[in-house]
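Read off the chains here:
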Amino acid sequence: MRKFLTLGLTMVLTVGTAAAVSTSAYAAPQLEFGACPQDVAQVYPGLKCATVNVPLDYSRPFGARMNVLVSRHASTNPAKRRGVLFVNPGGPSGSAVMQAGKLSHPNTTGYTRLPKEVLEAYDIIGVDSRGTGHSEPLSCVGEDYWRQLQPDPDLPEERDKSWERWKAFARSCAEKNGDKLKHIGSRNVIRDMDHVRTLLGEERISYLGYSYGTYLGSAYAELYPGRVDRMILDSSMNPVEPQMWYHNSTGQVTAGVARERDYLNWIARYDTVFHLGKTYEQVNAAWQKMLGDFRKQPRGPLKNVGAVELMDVYIANLSHELYWEPLAKAMADYVLRGDERAVLDWATPAGGAAGESFIAGMISIACIDSDAPADRTKIERDFGELAKTSDFAWYNVSIPSACANWPAGHDQRVVPSGRNLPPILMFGTDGDSATPYVNTVAMHKQLPSSVLVTERGSGTHCVFGSNPAMVNWEAQRIGKEYLVDGVLPNGDIDIAPHPLPVPTAGTAATARPAVLSAHA
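My aim in this report is to walk through the structure given alongside it, one point at a time. This is a predicted model, so every value here is computed, not measured.

1. Comments concerning the overall build of the protein chain
Secondary structure summary: the protein chain contains 19 helices and nine strands in total. Taken over C-alpha atoms, the radius of gyration comes to 22 Å for the protein chain, in line with the 24 Å a tight globule of 520 residues would show. Each principal axis of the C-alpha atoms in the protein chain carries an extent, and together these give about 65 × 50 × 40 Å. For the protein chain, with 520 residues in total, the buried portion stands at 60%. Total accessible area on the protein chain stands at roughly 19300 Å², and carbon and sulfur atoms take up 52% of it. Counting 51 positive and 56 negative side-chain charges, the protein chain places the averaged centre of each group 2 Å from the other.

Written out as structure tokens, the structure reads:
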């Protein structure tokens with residue numbers, strides 16, 4: 001699946017939600033959970049699912065409606081249950097339904113990303129955002145649109161093609177989705193979440209959000225401060241910035257320069273495994289050779305793997321270390337042995353309905369949620385400046401190009417004031433390239449009741465509830481004590497980084513994931 005990084009209170013309380021607000025919460029639950037869709041159940045058999053019918057437009061509650069899917073992992077010890085924990089993986093079109101399973105499902109060693117005490121204390125709830133996942137996912141273009149070779153905006157002669165391709169994408173989104181498109185945004189996702197809360201019979205929710213999910217959580221807390229119990233925001237967006245998504249796209253480039261250097265230095269440190277050079281300069285030369293070769297002559301049976309496709313997997317995997325080793329070995333296969341098979345296995349775009357709808361949902365939410373520049377000259381001037389110090393700056397022009405041509409309006413952003421909120425726990429890493437650390441600091445400043453835990457010397461995107469290969473046990477302890485007992489550190493603190501992987505000669509270059517994800 002292609003990866004693109006690197007997404008009125010009065011109306012809320014009108015007829016569309018009045019019945020829900022006035023219902024005594026605390027009444028018996030009105031949701032009946034049963035079997036999940038097959039693709040969910042196969043991976044996470046412990047989940048149960050329910051479909052909730054919601055207004056398309058909450059200001060017109062008796063008009064058109066749509067369905068959203070909810071998943072639940074029930075408390076493993078009802079005697080210790082204290083409530084519900086809503087989760088969101090970010091994206092912004094990542095599946096919260098699947099995230100509830102990812103955080104609760106044990107691996108072969110019995111490790112669960114959420115500590116067992118948290119799984120005892122909460123029902124874990126995932127709500128797929130409308131227009132994404134299993135909640136009536138959008139479609140904007142044909143299934144093969146992203147399987148084709150993409151124009152490379154790093155080349156001046158390709159920029160017209162790139163701009164026109166994203167312009168055509170935006171136009172097609174409007175044509176295929178009509179009035180529905182303007183209702184696919186975080187304000188309505190928040191209303192859906194609160195409607196689910198009511199149907200669950202809960203007075204308040206606890207919340208765990210990653211990346212874009214931090215914005216969703218902070219916005220929910222702004223609109224419904226009295227309905228927040230405990231909240232963890234991990235690796236934050238900056239909701240104060242009017243052009244939130246544009247700012248994040250440019251910020252990723254700046255933060256990514258240091259993160260890329262870390263990765264290439266790591267490869268150099270293990271030259272006895274990779275043989276790509278003992279210095280950053282030598283390894284970077286190998287990477288530049290491969291990138292340059294794919295830029296000059298697209299590869300693969302369909303000739304659809306060029307610089308943009310190669311950048312997709314490269315940038316996606318800078319945000320965490322889970323696949324650093326096989327990706328480096330794929331580079332070594334190509335540069336040292338002329339064997340491109342592993343690189344093509346990583347970088348060949350899959351296309352298909354799932355990938356197309358993932359991109360459609362992500363771009364739609366990003367473009368609706370915040371303002372964006374419409375001036376192509378400004379966008380290209382900004383990214384041209386960034387390209388002076390980064391070899392992947394132009395890769396990040398995708399969301400800005402789409403949003404500059406977006407037909408459904410912008411800036412439905414909710415800016416959190418931080419008023420009337422309970423204590424909130426935040427995590428961040430100072431080298432994060434997906435949601436740069438300056439965003440986490442800005443969110444922290446906006447939420448006076450928050451305490452920030454920083455994993456210093458780390459560039460991994462997201463800290464708490466990580467893959468076992470990247471787990472930070474101190475973060476696990478802090479998160480568990482907060483969610484279960486309400487205990488927070490006494491002020492902002494730094495914690496040591498988790499260890500980086502140690503490669504071995506035996507790991508195959510083709511050990512790739514089925515789906516690349518920033519929060520691995």
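Moving on, there is more to tell.
2. Remarks on the sheet that holds strand β4 (residues 122–127)
Reading across the sheet, the nine strands line up as β1-β2-β4-β3-β5-β6-β7-β8-β9 and stay open at both edges, with mixed pairing between neighbours. The open sheet has two edge strands, β1 (48–55) and β9 (493–495), and neither has a second partner. When the angles between neighbouring strand axes are averaged without regard to direction, this sheet yields 20°. Lying over the sheet, helix α18 (residues 437–446) contacts β6 (228–236), β7 (424–429) and β8 (450–455), oriented at roughly 165° with respect to β7.

3. Examining the environment of arginine 259
Within the secondary structure layout, arginine 259 lies in helix α9 (residues 244–269). Taking the C-alpha atoms as reference points, arginine 259 and leucine 421, separated by 162 residues in sequence, lie 34 Å from one another. Once residues lying within four places of it in the same chain are set aside, the contact partners of arginine 259 are Leu318, Ser319, His320, Glu321, Trp324, Gly431, Ser433, Gly459 and Thr460.

4. Some thoughts on the side chain of serine 172
With respect to the element layout, serine 172 can be found in helix α6 (residues 159–177). A polar contact of 2.3 Å, which involves the side chain of serine 172, links it to the backbone oxygen of cysteine 140. Non-local contacts of serine 172, meaning those with residues more than four positions away in its chain, are made with Cys140 and Val141.

5. Brief notes about the side chain of threonine 250
Checked against the element boundaries, threonine 250 lands in helix α9. On the basis of relative accessible area, threonine 250 is assigned to the buried category, the value being 18%. Setting aside chain neighbours within four positions, we find threonine 250 in contact with Phe383 and Leu386.

6. Some words on the state of the cysteines
Enumeration according to the criterion identifies three disulfides in this entry. Covalently, cysteine 36 is tied to cysteine 49 through a disulfide, its sulfur atoms 2.1 Å apart. The S-S bond linking cysteine 36 to cysteine 49 shows a torsion near 90°; that makes this disulfide right-handed. Taken as a pair, cysteine 36 in the loop between α2 (15–22) and α3 (38–43) and cysteine 49 in strand β1 lie far apart in primary sequence, 13 residues in all. For cysteine 49, a relative accessible area of 4% puts it in the buried group. Residue pairing for cysteine 140: its cysteine sulfur links by disulfide to cysteine 173, the two sulfurs lying 1.8 Å apart. On the sign convention where negative is left-handed, the bridge of cysteine 140 and cysteine 173, at about 100° about the S-S bond, is right-handed. Of the two residues, cysteine 140 sits in the loop between β4 and α6 while cysteine 173 sits in helix α6, which places them 33 residues apart along the sequence.

7. Description of the nonpolar core
Counting residues in each nonpolar core, the largest one holds 68 residues, and the members touching the most others are Phe86, Phe169, Ile363 and Trp406. Those residues within four positions of isoleucine 363 in sequence are excluded, and the remaining contacts are Trp166, Phe169, Ile399, Ala402 and Trp406. Of all hydrophobic cores here, the second largest spans 39 residues; its members include Ile267, Tyr270, Phe294 and Leu344.

8. Remarks on the packing of aromatic side chains
Inspection of every chain in the model, using the stated rule, returns 20 aromatic pairs. The interplanar angle of 55° and the centroid separation of 5.7 Å between the aromatic rings of tryptophan 146 and phenylalanine 169 together place this pair among those described as tilted. Highlighted residues: tryptophan 146 in the loop between β4 and α6 and phenylalanine 169 in helix α6, separated in sequence by 23 residues. For the pair formed by tryptophan 146 and phenylalanine 169, the shared burial category is buried. Consider the rings of tyrosine 220 and tyrosine 224, whose centres lie 5.0 Å apart with planes at 45°: the pair is tilted. Classification of tyrosine 224 as buried rests on a relative accessible area of 2%. Here the aromatic cluster, defined as three or more aromatic residues joined through ring pairs, consists of Tyr263, Trp266, Tyr270, Phe274, Trp287, Tyr314 and Trp324. Directly above the aromatic system of tryptophan 146 lies the positively charged group of arginine 165, at a separation of 6.0 Å from the ring centroid. Directly above the ring of phenylalanine 294 sits arginine 299, whose terminal nitrogen or CZ lies 5.2 Å from the centroid.

9. Thoughts on the pattern of salt bridges
Within this structure, the stated rule accounts for 29 salt bridges. For arginine 81, the salt bridge identified is with aspartate 123, shortest N-O distance 3.1 Å. With arginine 81 in the loop between β2 (65–73) and β3 (83–88) and aspartate 123 in strand β4, this residue pair connects regions lying 42 residues apart in the sequence. Glutamate 340 is paired through a salt bridge with arginine 299; the nearest N and O atoms lie 3.2 Å apart. Here arginine 299 lies in the loop between α11 (280–296) and α12 (307–318) and glutamate 340 lies in the loop between α13 (324–337) and α14 (341–347), a separation of 41 residues in the sequence. Salt bridges sharing common partners tie together Arg81, Asp123 and Glu202.

10. Regarding unusual backbone geometry
Residues glycine 91 and proline 92 are joined by a peptide bond in cis, for which omega reads 10°. Here proline 92 is to be found in the loop between β3 and α4 (96–104). A positive phi angle, near 50°, is found at glutamate 136, a position not held by glycine. Structurally, the position occupied by glutamate 136 is in the loop between β4 and α6.

11. Description of α18
Of all the positions in α18, only Tyr437, Asn439, Thr440, Met443 and His444 are classed as buried. Relative to the axis of α18, the buried residues are bounded by an arc of 155° and lie together on one face. Facing away from the buried surface of α18 by more than 90 degrees, the exposed residues are Val438 and Lys445. Next to the buried residues of α18 lie α8 (212–223), β6, α9, β7 and β8.

Definitions and limits used
Residues numbered from 1 in each chain as written. Predicted model: local features only at pLDDT ≥ 70, side-chain atom pairs only at ≥ 80, totals over all residues. Heavy atoms only, no water. Helix = DSSP H or I, 4+ residues; strand = E, 2+ residues; numbered from the N terminus. Rg over C-alpha atoms; globule rule 2.2 N^0.38 Å. Buried < 20%, exposed > 50% of the residue type's maximum accessible area, 1.4 Å probe, protein only. Areas by Shrake-Rupley, 256 points an atom, 1.4 Å probe, with all protein chains shown as cover. Lys, Arg positive; Asp, Glu negative; His and termini not counted. Charge placed at Lys NZ, Arg CZ, Asp CG, Glu CD. Pairing = 2+ DSSP bridges. Axes fitted to C-alpha atoms, helices over the stretch in contact; angles between N-to-C directions. Contact = heavy atoms within 4.5 Å. Polar contact = N/O pair within 3.5 Å; in protein donor to acceptor, adjacent residues only side chain to side chain. Disulfide = S-S within 2.5 Å. Core = buried A, V, L, I, M, F, W, Y, C linked by side-chain atoms within 4.5 Å. Phe/Tyr/Trp six-rings, centres within 6.5 Å; stacked < 30°, edge-to-face > 60°. Lys NZ or Arg CZ within 6 Å of the ring centre and 35° of its normal. Salt bridge = Lys/Arg side-chain N within 4 Å of Asp/Glu carboxyl O. Arc of directions from axis to C-beta.

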